[in-house]
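If you want the building blocks of each chain, they are given just below.
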Amino acid sequence: MTEKREYSPAVLVHSESCPDAISLRARGVGLIPMATPAIAQAYPNGRMHNCFHFTLQARGLVETVQYPPHAYEESSVIYPNASMPLCAVCMGTHSALDRLILPPGVR
Ligand SMILES: [Zn+2]
Ligand SMILES: [Zn+2]
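Residues numbered from 1 in each chain as written. Chains lettered and ligands numbered in written order. Predicted model: local features only at pLDDT ≥ 70, side-chain atom pairs only at ≥ 80, totals over all residues. Heavy atoms only, no water.

Draft legend 1. Region of interest: the environment of Ala21. Residue placement: Ala21 occurs in helix α1 (residues 19–26). For Ala21, a relative accessible area of 1% corresponds to the buried category. Apart from residues lying up to four places away in sequence, Ala21 is in contact with His14, Ser15, Leu31 and Leu61. (Helix = DSSP H or I, 4+ residues; strand = E, 2+ residues; numbered from the N terminus. Buried < 20%, exposed > 50% of the residue type's maximum accessible area, 1.4 Å probe, protein only. Contact = heavy atoms within 4.5 Å.)

Draft legend 2. Region of interest: the coordination of the zinc ion (ligand 1). The coordination sphere of the zinc ion (ligand 1), as far as protein atoms go, consists of His14 (ND1), Cys18 (SG), His49 (ND1) and Cys51 (SG), spread over 1.9 to 2.3 Å. Considering all 4 donor atoms around the zinc ion (ligand 1), angles at the metal cover 104 to 120 degrees and the coordination shape is tetrahedral. Taking the relative accessible area as the measure of exposure, His14 reaches 1% and is therefore buried. (Donors = N, O, S within 2.8 Å, 3.2 Å for Na, K, Ca; no water. Tetrahedral: all angles 85-135°; square planar, octahedral: opposite > 155°, others 65-115°.)

Draft legend 3. Layout of the coordination of the zinc ion (ligand 2). Here the zinc ion (ligand 2) is held by the protein donor atoms His70 (NE2), Cys87 (SG), Cys90 (SG) and His94 (NE2), which lie 2.0 to 2.3 Å from it. Considered as a linear motif, the donors of the zinc ion (ligand 2) on their single chain read H-x16-C-x2-C-x3-H. One end of the pair, His70, is in the loop between β4 (59–63) and α3 (95–98); the other, His94, is in the loop between β4 and α3, and 24 residues separate them in sequence. By the burial criterion, His70 is buried, and His94 matches it.

Draft legend 4. Structural detail: the side chain of His70. Overall, the relative accessible area of 17% leaves His70 in the buried class. Beyond its immediate chain neighbours, meaning those up to four positions away, His70 contacts Cys87, Val89, Cys90 and His94.

Draft legend 5. Main features of the pattern of salt bridges. Tallied over the full model, the rule gives 1 salt bridge. Residues Arg59 and Glu16 are paired through a salt bridge, measuring 3.8 Å at the closest nitrogen-oxygen approach. Placement of the pair is Arg59 in strand β4 and Glu16 in the loop between β1 (12–14) and α1, with a sequence separation of 43 residues. (Salt bridge = Lys/Arg side-chain N within 4 Å of Asp/Glu carboxyl O.)

Read these as layout, nothing more, since geometry by itself doesn't imply function.
Here's what the structure looks like:
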């Protein structure tokens with residue numbers, strides 16, 4: 001029996017030598033170093049930056065991406081255990097997001 005779950009907006013995964021990751025860190029953006037299998041488990045909808053591939057790197061750096069406020073846009077990506085098709089913009093299910101109080105005019 002599968003239980004439906006929510007997906008948070010997708011993280012972006014970098015390799016430890018990625019120039020983007022290095023410049024993000026230089027700007028004070030926190031990146032979380034994790035073992036690749038742990039990333040895959042924790043962030044099944046995570047996106048790979050062009051520097052990273054799940055089968056090639058043993059470790060990655062997880063960037064929490066701040067997506068601009070947007071309306072849910074249904075994509076063709078459907079996870080069997082997701083409460084709804086993933087959003088085309090952020091790859092999340094939005095239910096969690098939409099419970100947050102957004103400033104007026106965002107939606
Ligand atoms: Zn990268
Ligand atoms: Zn979205």
